[in-house]
Amino acid sequence: MSGGFGFPAGCVAAVVAVVLADVAGATRFPWFALVTLGLVVLLTAFRSTAAAAIGVAAVAWALHSGFVLGRAGELRFDAASAVAAGVLGVTVLVGILARVRPRRAPVRVPSPRRPVAHRPHLTRAGT
């Protein structure tokens, strides 16, 4: 998926993830929201561009900091939001590295040999 579509899709998914986590009790247990947002960021990093994944991680952090850790929508800059930023940053890296496939060395296939004509005078059986 292109970054032009991956970023908005990831942002919408992050908002849905925060709402679902809030319904599940993320204000008392903030790791509910962090896990769901981490999954959104991981999926975006795996399926879209790195720039889109970084943007979605920033939006996910802002949602977590403003609406889960803080209830008024104001960003919080404390230890809990720093942990969330670290978790989401590592999630971006894991998603990007998961889509990198190791390059295989090209396989050399030998060319077929030409059949050698039988030369009776070169064999030792007839000497």
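Residues numbered from 1 in each chain as written. Predicted model: local features only at pLDDT ≥ 70, side-chain atom pairs only at ≥ 80, totals over all residues. Heavy atoms only, no water.

1. Comments concerning the packing of helix H2 (residues 31-47) against helix H3 (residues 50-69)
Then, number 1: Relative to each other, H2 and H3 sit at 170 degrees, their axes nearing to 9 Å. As summarised for this structure, H2 and H3 are arranged roughly antiparallel, according to the angle between their axes. Residue-level contacts link Ala-33, Leu-34, Leu-37, Val-40, Val-41, Thr-44 and Ala-45 of H2 to Ala-52, Ala-53, Val-56, Ala-57, Ala-60, His-64 and Val-68 of H3.
Then, number 2: When grouped by side-chain class, the residues that make up the contact of H2 with H3 number twelve nonpolar, two polar and no charged. (Axes fitted to C-alpha atoms, helices over the stretch in contact; angles between N-to-C directions. Helix = DSSP H or I, 4+ residues; strand = E, 2+ residues; numbered from the N terminus. Parallel < 35°, antiparallel > 145°, perpendicular 65-115°, else oblique. Contact = heavy atoms within 4.5 Å. Nonpolar A, V, L, I, M, F, W, Y, C, P; charged D, E, K, R; others polar.)

2. Focus: the side chain of Ser-65
Then, number 1: In this structure, Ser-65 sits in helix H3.
Then, number 2: According to the relative accessible area criterion, Ser-65 is buried, its value standing at 0%.
Then, number 3: Beyond its immediate chain neighbours, meaning those up to four positions away, Ser-65 contacts Gly-70, Glu-74, Leu-75, Arg-76 and Ser-81. (Buried < 20%, exposed > 50% of the residue type's maximum accessible area, 1.4 Å probe, protein only.)

3. Thoughts on helix H4 (residues 79-99)
Then, number 1: Between its first and last C-alpha, H4 extends 31 Å over 21 residues, near the 30 Å set by a 1.5 Å rise per residue.
Then, number 2: For H4, the set of buried residues is Ser-81, Ala-84, Leu-88, Thr-91, Val-92, Gly-95 and Ile-96. Along the axis of H4, the buried positions cluster into a sector of 125 degrees, meaning they face one direction only. In H4, those exposed residues whose orientation departs by more than 90 degrees from the buried face are Ala-79, Val-83, Val-90, Leu-93 and Leu-97.
Then, number 3: Buried residues belonging to H4 abut H2 and H3. (Expected span 1.5 Å × (residues − 1). Arc of directions from axis to C-beta.)

4. As for the pattern of salt bridges
Then, number 1: One pass over the full model with this rule turns up one salt bridge.
Then, number 2: The partner of Arg-76 in a salt bridge is Asp-78, with the nearest N and O atoms 2.4 Å apart.
Then, number 3: You can call Arg-76 partly exposed: its relative accessible area is 33%. (Salt bridge = Lys/Arg side-chain N within 4 Å of Asp/Glu carboxyl O.)

5. So, the environment of Val-12
Then, number 1: Counting through the fold element by element, Val-12 comes out in helix H1 (residues 3-23).
Then, number 2: Each C-alpha atom of the pair Val-12 and Val-56 lies 9.4 Å from the other, and the pair is 44 residues apart in sequence.

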